[in-house]
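Secondary and tertiary structure notes
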Amino acid sequence: MSGGRIGFLCTYTPGELIEGAGFNPYRLLPPSEAVGSEDLLDSNLCPYVRQVAGALRSGYYPHFQGIVIARSCEASLHFYNILSRERDFNVFLLDLPRQRGPRAQKYFQAQLENLTKWLEELGGKLNEEELSSSLDDYGKTRELFQDTRIRAKGVDIFQLASEYNGRPRRDFNAALEGFLNEKCLEENALSILLTGAIPPQGLINILEGEEIILDTCLGLRGFLRGEMQGKNLFSRLSHAYLNRPPCPRFLDGEDRLNLFSRLLETQEIQGVIYHDLGFCDVSSYDFLIQKKFWEDQNVPLLKVKTELGRGETGQILTRVEAFLETLEEGGEE
Amino acid sequence: MLYAGIDVGSLSTDVVLVDSDLQIKGYSIIPTGADSKKAAGESLDEALSQAGASQEDIGEIIATGYGRISVSFASDRVTEITCHARGANRLFPQAKTVIDIGGQDSKAIRLNRRGRAVDFAMNDKCAAGTGRFLEVMARALELDLEELAGHSLKAEKTVPISNMCAVFAESEVVSLIAEGNPREEIIKGLHVSVAERTLSLARRIGYQSPVVMTGGVAKNAGVIRALEEKLETELLIPEEPQIIGALGAAVIAFERAQKEVS
Ligand SMILES: Nc1ncnc2c1ncn2[C@@H]1O[C@H](COP(=O)(O)OP(=O)(O)OP(=O)(O)O)[C@@H](O)[C@H]1O
Ligand SMILES: [Mg+2]
């Protein structure tokens, strides 16, 4: 492995290909301290994308050989447009379909082929041996996470993933396995589902000590994959990625709810905390879909809206703690 | 034995001491100031001297409010949502909804049949519809808070205030004065604006009467009047609305102490 890093924004970017070409995938997580970027992106755009843009410019992240921006939303497209004008960055726009049928799969497959060409232009080589071992490694993560019976503290999963950011998937798997053996929590305790858009560190810290199932692409969902089905590598990867439990950006609310139905079969979810990211239309729509779903299931739901800022912690703290207290008080009875 | 509830709010730090029959034996309300831990200690001392008691008489202390974390001598911390619900339920067992408007937060809380909080809505980050908003406006009008309340009851008409944001509303008020609008009518407009914000919170939780109003703003007769009109119901107002969070915390302190004994 050449060891060069490839930055990426969205978990629909197949790390398999990046590792298989000899690079280390590094997820662009929001910085711990907000960095201004108003001169790059307008302040009514996604705070996540804005903060990553600011952090990238300020040198917060390590050096990247290239950056993959999946077109998950309009804000990420704006981000791509800005980066592609800068000389210092090699950027690739991975166009992600909004639908998931056969035609979408074909389209995404072509995108993955282009991604590979781009990786080769950067000096990567899709090496047979490395590719097959990286496919195995990613498959292993999927297996570890596939089991929705996982009860794990959201903080721990999130922290583990951040700690292993930019390191080979194999190392992460080893840590994850140890973690799941040790820290999977007991059944029948108060368990909370944290869902919605990528949550701020402050919200995760507040929930420390609670039993959390983290749906959002920082937790469970970011690691799940569908079956590897298809004629060749690219069609199989395309199938696997488009058939994982969808993220809110897919116009497929029903299928998204399947993951929750499955969770409800195996877990006792006592409450749901929905993180609504300011200026993210997708998360606002998703909230309405989820609101109806959880109301029908009689599961209490709390919406917490943030812009990933640090100053918001005080109010979030009161909301979240009060929500947990109302759950303890036993609801409507 | 006494049980203490300490509510460290953004503006006032309130303490209530109850005995084993949940009767209030002493209370105090002091400004929080810059040092919330110090305020908590001072407020507690004041309530103790009112009750003619000392620290040793206290069985359990529960802290609540924005600054609850800084009360290191409390045995536990509970949010003001739970505490206002509990305090209101102690005084008005029939209450189904609690509205607490303090300095920086306003909240609507729905209670279940046992008087416990089951749902709540809180204002967003900004000061619109809070006590702080009214304080800023009182300053712009060169009046005390107490005077503000009385004035609006005299108004025959309302001058609507279109800005929710405290900063913009302040300059709006200044220009309304310059335009020669009667002060009472501007003040009434401000109270209506607070009531409208509160109504939208109350709607979010599907409020039902009887509604209890707590927090310092419940001392403002102008807001009460405007809110009763918006909510289309009469509000139940405790004799001292500012200590209801602390009262709820004291009730919880008593219950925790009972649990520990049994
Ligand atoms: N005598 C009074 N007449 C009118 N209004 C009053 C009076 N006393 C207090 N207030 C109002 O009460 C507000 C403070 O209320 P309170 O003490 O309940 O706030 P807090 O609990 O410190 O704040 P928060 O709960 O938001 O942290 C003031 O901003 C003021 O508007
Ligand atoms: Mg208060």
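Residues numbered from 1 in each chain as written. Chains lettered and ligands numbered in written order. Predicted model: local features only at pLDDT ≥ 70, side-chain atom pairs only at ≥ 80, totals over all residues. Heavy atoms only, no water.

Focus: the domain arrangement of chain B
Residue and element names in this part refer to chain B. Operational definition: Residue ranges for the domains trace back to a domain assignment, done automatically or taken from a database. The criterion used for residue contact is that any of the two residues' heavy atoms lie within 4.5 Å. Accessible area that two parts lose when put together, with a 1.4 Å probe and added across both, is what the buried area reports. Each salt bridge in this description consists of a side-chain nitrogen of Lys or Arg and a carboxyl oxygen of Asp or Glu lying within 4 Å of one another.
Here chain B is partitioned into domain 1 (1-92 + 243-262) and domain 2 (95-237). Taking only C-alpha atoms, the centre of domain 1 and the centre of domain 2 are 26 Å apart. In this assembly, 14 residues from domain 1 lie in contact with 23 residues from domain 2. When domain 1 packs against domain 2, the two sides together hide about 1,500 Å² of surface, and 67% of this comes from carbon and sulfur. With a closest N to O distance of 3.7 Å, Lys107 and Glu80 form a salt bridge.

Description of unusual backbone geometry
Quick reminder of the rule: Secondary structure follows DSSP: runs of H or I at least 4 residues long count as helices, runs of E at least 2 residues long count as strands, and numbering of each begins at the N terminus.
Here the bond from Ser209 of chain B into Pro210 of chain B is cis, since omega is -5°, no more than 30 degrees from zero. Tracing the sequence through the fold places Pro210 of chain B in the loop between α6 (183-204) and β9 (211-214). Although it is not a glycine, Asn298 of chain A sits at a positive phi angle of roughly 60°. With respect to the element layout, Asn298 of chain A can be found in the loop between α12 (281-296) and β8 (301-306).

Let's talk about helix α8 (residues 244-261) of chain B
Residue and element names in this part refer to chain B. To keep things clear, this is the line we draw: Here, expected helix span is obtained from the residue count minus one, scaled by 1.5 Å. Under the scheme applied here, a residue whose accessible area is under 20% of the maximum for its type counts as buried, over 50% as exposed, and between as partly exposed, the area being computed with a 1.4 Å probe on protein chains only.
Compared with the 26 Å implied by 1.5 Å per residue over 18 residues, the 26 Å span of α8 between its first and last C-alpha is a close match. Among the residues of α8, Ile244, Gly245, Ala246, Leu247, Gly248, Ala249, Ala250, Val251, Ile252, Ala253, Phe254 and Ala257 are the ones counted as buried. Elements in contact with the buried residues of α8: β1 (2-8), β2 (12-18), β3 (24-31), β4 (58-64), α2 (80-91) and β9.

Quick notes on the pattern of salt bridges
For the structure on display, the rule yields 27 salt bridges over all chains. Salt-bridge contacts for Glu16 of chain A lead to Arg225 of chain A; the nearest nitrogen and oxygen are separated by 3.6 Å. Within this pair, whereas Glu16 of chain A is found in helix α1 (residues 15-20), its partner Arg225 of chain A is found in the loop between α9 (220-223) and α10 (233-242), the two being separated by 209 residues in sequence. Of the two residues, Glu16 of chain A and Arg225 of chain A, both sit in the buried class. Where Arg86 of chain B meets Glu255 of chain B, a salt bridge forms, and the shortest distance between an N and an O atom there is 2.7 Å. Taken together, the positions of Arg86 of chain B in helix α2 and Glu255 of chain B in helix α8 put the pair 169 residues apart, joining distant regions of the chain. Classification of Arg86 of chain B as buried rests on a relative accessible area of 7%.

What about the sheet that holds strand β1 (residues 5-8) of chain A?
All names here are of chain A. Under the convention used in this document: For two strands to pair, DSSP has to find at least two bridges joining them. Throughout, an axis means a line fitted to C-alpha atoms (over the contacting stretch in the case of helices), and angles, computed between N-to-C directions, take values from 0 to 180 degrees.
Spatial ordering of the open sheet is given by β2-β1-β3-β4, a layout of 4 strands whose pairing is parallel. Whereas interior strands pair on both sides, the edge strands pair on one side only; in this sheet they are β2 (24-27) and β4 (91-94). Geometrically, the sheet is characterised by an average inter-axis angle of 25° between neighbouring strands, direction not taken into account. Note: strand β3 (residues 66-70) against β4, 4 bridges, orientation parallel. Across the sheet, Ile67 pairs through a bridge with Val91, a residue of β4. Running at roughly 170° to β4, helix α4 (residues 102-121) makes contact with β1, β3 and β4 of the sheet.

As for the interface of chain B and chain A
A common measure of how large an interface is: the accessible area buried when the components associate. The condition is simple: Two N or O atoms form a polar contact when they lie within 3.5 Å of each other; inside protein one atom must be a possible hydrogen donor and the other a possible acceptor, and for residues adjacent in sequence the pair counts only when both atoms belong to side chains.
With 22 residues of chain B in contact, the opposing surface of chain A contributes 16 residues. Buried area between chain B and chain A, summed over both chains or domains, comes out near 1,700 Å², and the portion from carbon and sulfur atoms is 46%. For the chain B face of the interface with chain A, the top three residues by lost area are Phe120, Met122 and Lys125 of chain B, together amounting to 28%. The tally of links from chain B across to chain A stands at 3 salt bridges. Summed over the shared surface of chain B and chain A, the result is 8 residue pairs in polar contact (both at pLDDT 80 or more). Elements with a contribution of two residues or more to the side of chain B that touches chain A: α2 and β8 (117-122) of chain B.

What to know about the sheet that holds β3 of chain B
Residues and elements named next belong to chain B. In spatial order, the strands read β3-β2-β1-β4-β5; together these 5 strands make up an open sheet with mixed pairing. The open sheet has two free edges, formed respectively by β3 and β5 (76-77), since each of these has just one partner strand. Inspection of the sheet shows β2 paired to β3 by 7 bridges, in the antiparallel sense. In the strand pairing of β3, Thr13 is matched with Ile30. Most of the contacts of α8 go to β1, to which it runs at about 140°, and overall it touches β1, β2, β3, β4 and β5.

Focus: the site of ligand 1
All names here are of chain B. Rule in force here: Any residue with a non-hydrogen atom lying within 4 Å of a molecule or strand is treated as near it. Method for areas: the Shrake-Rupley scheme with a 1.4 Å probe, in which residue coverage is limited to the protein chains shown.
Within the structure, ligand 1 sits among 18 residues, and Leu11, Ser12, Gln104, Glu135 and Gln242 are positioned closest to it. Note that an oxygen atom of ligand 1 is positioned 2.7 Å from one of the backbone N or O atoms of Leu11. At 2.9 Å from an oxygen atom of ligand 1 is found a main-chain nitrogen or oxygen belonging to Asp105. Against a free-state accessible area of 650 Å², the protein chains account for coverage of 91% of ligand 1. When contributions to the shell around ligand 1 are tallied by element, the ones reaching two or more residues are α3 (131-140) and α4 (145-154). Both domains that furnish three or more residues to the shell around ligand 1 are identified here as domain 1 (1-92 + 243-262) and domain 2 (95-237).

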